[in-house]
Structure formats: C-alpha cells, structure tokens
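Coordinate analysis (summary)
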Amino acid sequence: MLEPVSASFIQLDPFNVAYLFVVGFIGGLVSGFIGSGGAFVLTPAMMGLGAPGIVAVASNICHKFPKALVGSIKRAKYGQVDVKLGIVLGVSAEAGMLYGAHIQESIRRAFGNDGSNLYVSVVFVVVLALVGGYVLRDAWRIYRSGDRSESETLTKLARAVQALNVPGTMVYFPSIKTKISVLVTVPIGFAAGILAATIAVGGFIGVPAMIYVLGVPSLMASATELVIAFIMGVGGTIKYGWGGYVDIRLAMIILAGSLFGIQLGAIGTTYVKPYMVKVVMGTIMIVVLISRAIAIPVYLSDLDVISRLSADTARLLEDASFAVMVVALLLGAFIILRALASGVRASRAELAAAAATAIPRVPARAPSQLSPLARFDRILVATDGSEFSAGALEVATGLAKRSGGELTTVTVALIDLETEGIATAAFAHSEAQARKALEDARSQAHRSGVETTTELRSGTNPYREIVRCADDLRSDVIVMGRRGRRGLARMMVGDATRQVIGTADSNVLVVPRLAAIWRSRILLATDGSRHSESAAVVAARLAKMFAVPVSVVTVFGPKHDEARRADGRAAAQRLTDALVRDGIDADCTVVEGEPATEIVAFATGRGADLIVAGSHGRTGVGRLIVGSVCEKIIGQAVCPVLVVKL
Amino acid sequence: MDKGNDIGKLVGYGSLTAALYFALFFFERELMQVTGRGGWAFLIPIAFAFAVSVTHGAFTGAFWDFIGIKARK
C-alpha cells in the first residue's frame, strides 16, 4: 500500500499543467522584459490553482535559483557582478530569508493555510502598491520629460551612505569603488531576505536599494542581484524542501515555461523605448495588486476576522480575483508580444533595405600566393579590450609589419539575453566598451607603425562572431588572446578561444597576455600526421619571414610501441630534412613523456618563442573539439601558439 | 556549418529536457511522496532544478535563435 501524498500538494490535470506552463511563460516574459520578479505573477497563479501560499512560495524559489546561477555566471564573465557585495548582501539576505520563512511557518501553524494565504496576500498588496506606484510615477516622469537616456547620478542618500564612516565596519566594494559600512548593507540584505521568503521577489528591494541607497550602477546592481538571488534561492529551497513544501512538479512546469519567456522578454526590450518597460512593469503590478486585494476578504472571513461571507460571495470574489489576474497576465503579454512583433518587422525591413544597398566586400588586393595555407595577407586580431588581448594585439601588429599583410581588429559587443529586462542598457554598455577597445587597439597599432581597420560585431556568442568576421574578410589567420589564469585553471583554454579554433577555417594564433612577437626560434610540434605536414609548411614560411631557426619536436609516451616510434622518428626527420633543403636552419629532437608538457618544456629550454602545431580539425560535431594535446599546449605555453588548420 | 550545429544543439538539448520531464511525471507519485516528507529529500528538487535549467536553458536559447527571433543589433 502506497503511503498518501502530502496534503499540501494539489492534483494536477492537463489543464493545470498547461495553465502553469503558460503562466510560467508569461511570468518569464514579464521577468525578462521588466527586470526582477516575474514571481509576483507566479506565486499568486499557483495559489489560484489551490496550492497553499507556502507551497507556492517554496516551489517558486526552487524554480528561480538555478536560473539565477546560470545568469550570474554569464554576467560575471562580462565583469558586471560585484561578487563581494553579492555575498555580503546574500548572506544577510539568507538570514532575513530564514527569519521570513520562520514567520511563514509560524503563521501557517497558528492559522492554517488561510492564515498563510492572508499574510502573503497582504504583503503582496503593500509591496506592489509601493513599488508599482513608484515605477509608474517614474515612467510618467521619463515620458513627460522626453529624457530617454537614463543617466546615472548618485542619489543624496547614496552620497550620505558613502560618506558614513563607522570604524571597524567598513568594507571596500569594487562596484561602488569605495568603502561602505556593513551596518548599512546588512539591514538591506535582511529586508530583501524577509520579502523574498514571503513573496519570492526580494529583488524588488535589493536592486533599488543597491542603486538608490548604496550607489551601485544599475547594470551592476541587477547583475549582483543574481548572486543574492542564488544564495537565497538555495537556502530557501533547502529550508522549504526540508519541511517538505517544495512541489517539484509546479517548480519544473513553471521553469519550463519561464525559460522560454525570459529570453523572449529580454529580446523584447531591445525593440522598445526604456519608459515602456516601466509602464508595463507598473501596470502589471497594480493589476496583480487588485487581484490579490479582492481575495483578501475571503481569507479574512475564513479566519473569522470579519463576519462570514456566504459561499456564493466567497466564490464570486475568488473568481473575480482569478479573472483579474488573468487580465494582468494577458495584458502584459499582449503589450510585450506586440512590441516585439512590430519591432522585429521594422528591424527586418531595415535590414532588407540595408542589404539591398550594401556593396559586396571584395578583398582589396590580389593574394600573394594561391594556397591559403601559409599565407599572411589578411590578419584578423580579436580583442576584448582587456589586458588579456594586449599580447595578441602586439603580436598581430608585429606579424602584419613583417608580412606586409592587412591588419583588421575585431571586437564583439555582446547581447546577453539573460540580462533580465536591462538588455537595452546592457547592450549600450557593451557597445561602448567595444568601441573603446577598438579605439585603443587602433592607437596601439598606430604607435607600432601599423594601420588597422576595425570591425565592431555584435551577437550573443563572441566566438561565432569572430569566426563569421574571419569568413567575411577571408582572413588568413585569426590572432587572439588566451585567458591568463593561474594554477589548475591555467591548463584550460578560454571557451571562446577553443571554439574559434574548432570552427574557424583559417589558422589561429593564440597569444598569452605577456607574449611578444617571436625573434629567437620556432618550435614545430609534430606527430607524423598530415596535419603536422601542413604545420611544417607554415613554420617554414614564418622561419624565412622572421629569419629564425626551427626545432622539430616529436614526443613519445609509454604506450607507443617500437614500430610507432620508428615511424614517428622517420616522419620528424623527413620534415627536418625538407626544411633544411628549403634553406632553413632546422634540427630534430625526439622526447619521451607527456606530449604537451614536454613540448612546452622544450620550448622554454631551447628559448623557442613560437610553437606551431597542426590542429586535428574534423567535421561535424567533432570539429568543435580541438586536439587535446594542442589545447594543453595552448594552456601551458608562455609564448604564442599557432594552430594550423589542414 | 552554423545551421547544422544549431539544429544539433536544438535536438540534443530538447531530447535531454524531454527525458527529464518524462522522468518527473513517470515517477510523479513516488517523487511527491519522498519530497513531501521533507528532510534530506530536499536534494531531489535542487538537483532536478539544476539539471533542467542547464538543458532546458540551452534548448530555449537555441529554439528562439532557430525560429529567427533575435535581439536587435
């Protein structure tokens, strides 16, 4: 005999599942469009199906934290997350959350599900009234003043908070660029935590508090909020899950819908004016508020606080509350989808018009040789403006100078679909950074005596845009940095670098941060394959161009038998002989051990300042996989590594 | 080249996600009993939510991209 399922969990039929999915989608759509807190439609929607308030809140938190983790990791890559502030606020929010959850459970124990529902509804009404009213007023102000650029000035409060100095409590936060007393941050986190435990929208306090009270730039505030949301979400899920309140089905159905919605909503923001975001946010908040307010008398009557309502009246109020909620959701979805549809149409028409008048791009001059293999006529250097690109830029200008090739600098302004609701601002920020990176690169190249053209691309995937750009320009080589790292992580190559090598048709030159153009020796790593032969052709060309010797190195491990060793030795010697015949000073060495480690050690020992290796480029899915040896060499080498594509 | 990868990603992540949801509803009763008891069962919703957010997040991203709805550049 199966034991009964907890009474807190509602029955799900296909209608309920579809309803939750659609609500999740619309909640996600709204969340993606207006910023934090699609939860204010999700929690009541679950309650509308009969789930007790505490189960609705618990399931909502459970669906939210993995999304916050994915989002915060993504935005940390763009440098938008103040991890320290996130952790400080997150931990105090966690305390607030535990306290808030404790209040919730006490209420439920004392007054049952109706008491819990009443409490959640009342907090909802108060918070939505305050925040919704403020947002609508702000939208109206922006609309009337016609000021669409949201300039970021410190509020008086933030200035006062930053001036406050309580010895022993001051902590430096990178996003604010000054020290702030934890006596200010702790209450903010605590309040956000209580709110999150109650209605699952702590971001309603966290983000505005960070912006207006602490003086954090809005872009960083919303990104840092994701760290807080994650910390609180995990804590909250454990707390509620421990009590058995998380309805995993509700959480997962809502997650399914909301992941679709959140990305669509974020895309939507790139097509509308900023005040529109606030109009939608404020409007939805107020309508949801009305919906919750209508239901309050029912809970009050169930708790005998007011005189008992007749069954008909109670049902009427509940139906009305539900209907108003549906109206709020549909209204929000309608506004967003309409804006998206008309925006996409207009944008496509613009693109079509632009394409019709665009002049096809033709390479400026005839190639120096027919085979693209060892050609360096068109050099594309990818920069992100960070210190990690500095070496790449220097090596690219050195290469362009010596080969006489045309140098183009590309950077990618990232469009991040998970920057909930602030996609427009995030993109503007990203684009401004990209322009600055290009300008810096142009002047750095100019100082080295090389002129570079610049390309600003935008997209969600940096590697894809770099490869597209190389295809468009028919580049012979892509020069790019490698994320400089320490310790174990140093063994791993940055994701974008790996993907570019995997998918580009041209050769890829990966340059560590501090590396310079080679002047001493080229190391040609060979494994006797056809890829190595291609690499040899490129090494020969570069050796002549820079008048440097070449060391051909092949490495055997314990698993190689004698026959394989003999073959490998002969192949390496053949390559060396060919190089010597070509008039290049070349020698051949066979080493025992782990290939990547030995090659890097050999390069260091012999003073080689360029490693050339063939990639094991494949087709299909395997094409994305860079040879593991090649990847390890890139990860460990302190000099540039040229990966030659067959 | 890109298109092939996109479809592969769409189908791959889509199938993984579908499998996770199938498991959720196939073992619905058992899951509800265990998680409803509370205690260490909280690990189940956490692990499940992580798995779904990874596979389904990648799937939806590929989905919107595939049907041509992209952010304005």
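The model shown is predicted, which means the values in this text are computed figures rather than measured ones. (Residues numbered from 1 in each chain as written. Chains lettered and ligands numbered in written order. Predicted model: local features only at pLDDT ≥ 70, side-chain atom pairs only at ≥ 80, totals over all residues.)

A few points about the interface of chain A and chain B
Buried accessible area, meaning the area lost when the parts come together, often serves as the stated size of an interface. Rules: Contacts here follow a simple rule: the backbone-placed C-beta atoms of the two residues must lie within 7 Å. Helix and strand assignments follow DSSP, with helices taken as H or I runs no shorter than four residues and strands as E runs no shorter than two, numbered in order from the N terminus. Nonpolar residues are Ala, Val, Leu, Ile, Met, Phe, Trp, Tyr, Cys and Pro. Charged residues are Asp, Glu, Lys and Arg, and all others, Gly as well, are polar.
Facing the 40 residues of chain A at the interface are 35 residues of chain B. Mapped onto the side of chain A that touches chain B, the elements with two or more residues apiece are helix 3 (53-77), helix 8 (218-242), helix 9 (248-269) and helix 11 (311-357) of chain A. When residues of the side of chain A that touches chain B are assigned to their parent elements, the largest contribution, 11 residues, is made by helix 9 of chain A. Taken together, the residues that form the side of chain A that touches chain B break down as 24 nonpolar, 12 polar and four charged.

Topic: the sheet that holds strand 10 (residues 586-592) of chain A
Residues and elements named next belong to chain A. The condition that has to hold: Any two strands with at least two DSSP bridges between them are considered paired. Geometry is summarised by axes, namely lines fitted to C-alpha atoms with helices restricted to the contacting stretch, and by angles between N-to-C directions that run from 0 to 180 degrees.
If you trace the 10 strands from one edge of the open sheet to the other, you get 5-4-3-6-7-12-11-8-9-10, paired in mixed fashion. What marks the edges here is a single partner per strand, and that holds for strand 5 (452-459) and strand 10. The average undirected angle you get between the axes of adjacent strands in this sheet is 25°. In terms of strand pairing, strand 9 (residues 550-556) meets strand 10 through seven bridges, oriented parallel.

Focus: the packing of helix 4 (residues 83-145) of chain A against helix 6 (residues 182-199) of chain A
Residue and element names in this part refer to chain A. Put simply, the rule reads: Crossing handedness is read from the near helix: turned anticlockwise from the far helix by less than a right angle, it gives a left-handed crossing, and turned clockwise, a right-handed one.
Where helix 4 meets helix 6, the closest approach of the two axes is 4 Å, and the angle between their N-to-C directions is 35°. Handedness of the crossing formed by helix 4 with helix 6: right-handed. Considering only residue class, the contact of helix 4 with helix 6 consists of 22 nonpolar, nine polar and one charged.

With respect to the packing of helix 9 of chain A against helix 3 (residues 43-66) of chain B
Note the threshold: Comment on the angle field: the value is read as roughly parallel under 35 degrees, roughly antiparallel over 145, roughly perpendicular from 65 to 115, and oblique elsewhere.
Direction vectors running N to C along helix 9 of chain A and helix 3 of chain B enclose 30°, while the axes themselves pass 10 Å from each other. Between helix 9 of chain A and helix 3 of chain B, the crossing angle belongs to the class labelled roughly parallel. For helix 9 of chain A against helix 3 of chain B, the interelement crossing comes out right-handed. Judged by residue contacts, Ile248, Ala251, Met252, Leu255, Ala256, Leu259, Phe260, Gln263, Leu264 and Ile267 of chain A of helix 9 of chain A engage Ile44, Pro45, Phe48, Ala49, Val52, Ser53, His56, Gly57, Thr60, Gly61 and Trp64 of chain B from helix 3 of chain B.

Side note on the confidence of the model for chain B
As a reminder of what qualifies: The quantity called pLDDT is the predictor's confidence in a given residue, expressed from 0 to 100.
Mean pLDDT for chain B: 84, with 92% of residues reaching 70 or above. For this predicted complex, the interface score ipTM comes out at 0.92, while the overall pTM is 0.59.

Considering the environment of Ser72 of chain A
Residues and elements named next belong to chain A. Rule in force here: Each residue is classed by its C-beta neighbour count within 10 Å, where at least 20 other C-beta atoms makes it buried, 12 or fewer makes it exposed, and intermediate counts make it partly exposed; the C-beta atoms are placed from backbone geometry.
Tracing the sequence through the fold places Ser72 in helix 3. A residue is classified by how many C-beta atoms lie within 10 Å of it, and Ser72, with 24 of them, is buried. In the structure, Ser72 is positioned 150 residues away from Ser222 in sequence and 9.7 Å away in space, judged by C-alpha atoms. Sequence-distant contacts of Ser72, defined by excluding residues within four places in its chain, comprise Val81, Ala223, Leu226, Val227 and Phe230.

Examining helix 9 of chain A
Residue and element names in this part refer to chain A. Formally: Any helix carries an expected span of 1.5 Å times its number of residues minus one. The bend reported for a residue corresponds to the angle between axes fitted to the seven residues ending at that residue and the seven starting there.
Compared with the 32 Å implied by 1.5 Å per residue over 22 residues, the 31 Å span of helix 9 between its first and last C-alpha is a close match. In the structure, helix 9 departs most strongly from a straight axis at Ser258, where the bend amounts to approximately 30°. In terms of burial, helix 9 is largely enclosed, as 22 of its 22 residues are buried.

Remarks on unusual backbone geometry
All names here are of chain A. Of note, Lys177 is a non-glycine position whose phi angle comes to about 60°, a positive value. Examined against the element boundaries, Lys177 turns out to sit in the loop between strand 1 (170-173) and strand 2 (178-181). Phi at Arg474 takes a positive value of approximately 50°, unusual for a residue other than glycine. Turning to its location among the elements, Arg474 is positioned in the loop between helix 14 (462-473) and strand 6 (477-481).

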